[in-house]
Amino acid sequence: RKEVEQDPGPFNVPEGATVAFNCTYSNSASQSFFWYRQDCRKEPKLLMSVYSSGNEDGRFTAQLNRASQYISLLIRDSKLSDSATYLCVVNFYSGNTPLVFGKGTRLSVIA
Amino acid sequence: SQTIHQWPATLVQPVGSPLSLECTVEGTSNPNLYWYRQAAGRGLQLLFYSIGIDQISSEVPQNLSASRPQDRQFILSSKKLLLSDSGFYLCAWDTGRGEDTQYFGPGTRLTVL
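Residues numbered from 1 in each chain as written. Chains lettered and ligands numbered in written order. Predicted model: local features only at pLDDT ≥ 70, side-chain atom pairs only at ≥ 80, totals over all residues. Heavy atoms only, no water.

Trainee: How should I be thinking about the layout of surface pockets in this particular structure?
Mentor: One simple way to see leftover space: roll a probe sized like a water molecule over the atoms. By volume, the largest pocket amounts to about 1300 Å³. Forming the boundary of the largest pocket are 45 residues, of which A:Lys103, B:Gln38, B:Arg42, B:Gly43 and B:Leu44 lie nearest the centre. Of all the secondary structure elements, the ones that give two or more residues to the lining of the largest pocket are β1 (4–6), β9 (84–91) and β10 (100–101) of chain A together with β4 (32–38), β5 (44–52), β9 (87–94) and β11 (108–112) of chain B. Class assignment for the residues of the lining of the largest pocket results in 17 nonpolar, 15 polar and 13 charged. (1 Å grid on protein atoms, 1.4 Å probe; cavity = no way out; pocket = protein on both sides within 12 Å on 5 of 7 lines; lining within 4 Å. Points joined across faces, edges and corners; volume = space filled by probe spheres on them. Helix = DSSP H or I, 4+ residues; strand = E, 2+ residues; numbered from the N terminus. Nonpolar A, V, L, I, M, F, W, Y, C, P; charged D, E, K, R; others polar.)

Written out as structure tokens, the structure is:
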């Protein structure tokens, strides 16, 4: 069974805080991983891919732990504009197979 | 660069009426195409995906259908809408070359009354 589990939140944090989200997935053979961001009433947009060695893009750091089958997203120095729902996404197989989306974690950054 | 279009942006339809939502992609060829639905406060539900013209896979049996009459055109249809069909319908594409990243259209917000 293909499952991606996330804490739905909401996470309410003050500006400048560091916040971390975790996501677990059900298949140890999963091939690729992503974090998407979805603003209210908008389409999801790719935030970053998640690589085995971990990767960083400015204030955002994504890490993959294959042994424990979880992915994390760390946001440092939170901004008001970071308020959104963050979707964890997994490709369980290689080739032309659909991605599986988690239900998302809602983040509210408060002034 | 590639772009994806969806229309209409919003739609209000009575129960029992038909539905046709259209999605087109520009700037790429042989994409994989996807239809998702997101009910209010819920996650993304994959409805259909297509790896080529007239090749449609259905993920969830229901009163919806999909067609791909051209390489970059994906249509979602229903003969008779139900109240439970209300939601945010998103079309997405990827390159079909194993690169995985999906790109979403702006979506259609459907309300069935």
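Trainee: When you look at the sheet that holds strand β6 (residues 55–57) of chain A in this model, what are you seeing that I'm missing?
Mentor: What holds strands together in a sheet is hydrogen bonding between their backbones, with the strands either parallel or antiparallel. Residue and element names in this part refer to chain A. Reading across the sheet, the five strands line up as β1-β3-β8-β7-β6 and stay open at both edges, with antiparallel pairing between neighbours. A strand with exactly one partner marks an edge of an open sheet, and here the two such strands are β1 and β6. Taking the axes of each pair of neighbouring strands and ignoring which way they run, one obtains an average angle of 20° across the sheet. Pairing of strand β7 (residues 60–65) with strand β8 (residues 70–75), which is carried by six bridges, proceeds in the antiparallel orientation. Looking across to β8, one finds that Phe60 is bridged to Ile75. (Pairing = 2+ DSSP bridges. Axes fitted to C-alpha atoms, helices over the stretch in contact; angles between N-to-C directions.)

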